[in-house]
Amino acid sequence: MEKLQEKIMADGKVLSDSVLKVDSFLNHQIDPVLMQAIGEEFASRFSGEGITKILTLESSGIAPAMMTGLVLGVPAVFARKRKSLTLVDRLYTASVHSFTKNETNDISVSRDFIDETDVVLVIDDFLANGQAALGLIDIVEQAGAALGGVGIVIEKGFQEGGAMLRNRGVRVESLAIISSLANGKVEFLEEEKA
Ligand code: G4P
Ligand code: NA
Ligand code: NA
């Protein structure tokens, strides 16, 4: 997605060979116009899948998930990382291990919002090692729902998550795939036009 690549080039900050900071439009301040275009792009890529629900993980997945839900006309559900006061039982839960932070956290979704009639599109802001996506897919499976695919805003193609998910037969659509962050420079994997 050209608009996204341009935004990453203009406003992204390479923090190290493996971390890209995009606080000015995705992870802290949010660019609603870009986010709307992102929602339109995901909606168009997954339009043939019969999606009934979007599933993401708080917090940074919520904006792209909501915009995609708006365009597809379906609800967006976000898995919670912390136990909520009102969310105490009837939960699907999964453990997500972060290699970056070296910690494992439980994520949870109420059984009220995903069930076996759903076709779920998993959306997230970043794909690195794929552990967050795996946790969300685990919840889709617990619900007995179908997985329509995984939509990622920025995939770090030099980390293993994308290959791991695609090897499992999951349809992964990433709007920007970064092949390298070496030497402070962002390089993209060129998209193959269908
Ligand atoms: P994984 O799920 O693919 O295995 O990723 P990992 O554990 O490495 O990611 C932990 C957190 O860091 C996630 O956000 C993920 O989106 C984010 N992340 C991973 N790589 C990058 C990167 O290069 N740049 C930025 N900006 N973020 C990255 P989170 O902790 O769930 O936070 P949030 O959703 O509240 O923002
Ligand atoms: Na994040
Ligand atoms: Na995230």
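Residues numbered from 1 in each chain as written. Chains lettered and ligands numbered in written order. Predicted model: local features only at pLDDT ≥ 70, side-chain atom pairs only at ≥ 80, totals over all residues. Heavy atoms only, no water.

Under an unreviewed UniProt entry, the name given to the chain is Xanthine phosphoribosyltransferase, and the source organism is Planococcus chinensis. What UniProt states about the chain under its Sequence similarities (unreviewed entry) heading is, verbatim, "Belongs to the purine/pyrimidine phosphoribosyltransferase family. Xpt subfamily." Quoted verbatim from the Subcellular location (unreviewed entry) field of UniProt, the annotation for the chain is "Cytoplasm". (UniProt positions renumbered as here; feature names shortened; annotations may be inferred.)

Student: Could you give an account of the pairing of strand β7 (residues 119-127), naming the residues involved and the relevant values?
Tutor: Of all 9 residues in β7, 9 are buried, a share of seventy percent or more. Where strand β3 (residues 53-57) meets β7, 3 bridges bridge the pair, whose relative direction is parallel. Of the residues in β7, the one forming a bridge with L55 is V122. Examined bridge by bridge, β7 and strand β8 (residues 146-156) share 8 bridges and lie parallel to one another. By the bridge assignment for β8, L121 is matched with G149. For the handedness criterion, the β-α-β arrangement of β7, helix α5 (residues 131-142) and β8 is classed as right-handed. (Buried < 20%, exposed > 50% of the residue type's maximum accessible area, 1.4 Å probe, protein only. Helix = DSSP H or I, 4+ residues; strand = E, 2+ residues; numbered from the N terminus. Pairing = 2+ DSSP bridges. Right-handed = clockwise from strand over helix to strand, strands pointing away.)

Student: Hey, could you go over the site of ligand 1 for me, with residue numbers and the actual values?
Tutor: Close to ligand 1 lie 20 residues; L20, S59, S60, T100 and K101 are nearest. In this structure, T100 approaches ligand 1 through a side-chain N or O atom, which is 2.3 Å from an oxygen atom. In the environment of ligand 1, an oxygen atom lies 2.9 Å from a nitrogen or oxygen atom belonging to the backbone of N129. Taking a 2 Å distance to the grid points as the criterion, the majority of the atoms of ligand 1 fall inside the largest pocket. At the level of elements, β7 and α5 are the ones that each hand at least two residues to the shell around ligand 1. Tallied by class, the residues present in the shell around ligand 1 amount to 6 nonpolar, 9 polar and 5 charged. (Near = heavy atom within 4 Å. Polar contact = N/O pair within 3.5 Å; in protein donor to acceptor, adjacent residues only side chain to side chain. 1 Å grid on protein atoms, 1.4 Å probe; cavity = no way out; pocket = protein on both sides within 12 Å on 5 of 7 lines; lining within 4 Å. Sits in = over half its atoms within 2 Å of the grid points. Nonpolar A, V, L, I, M, F, W, Y, C, P; charged D, E, K, R; others polar.)

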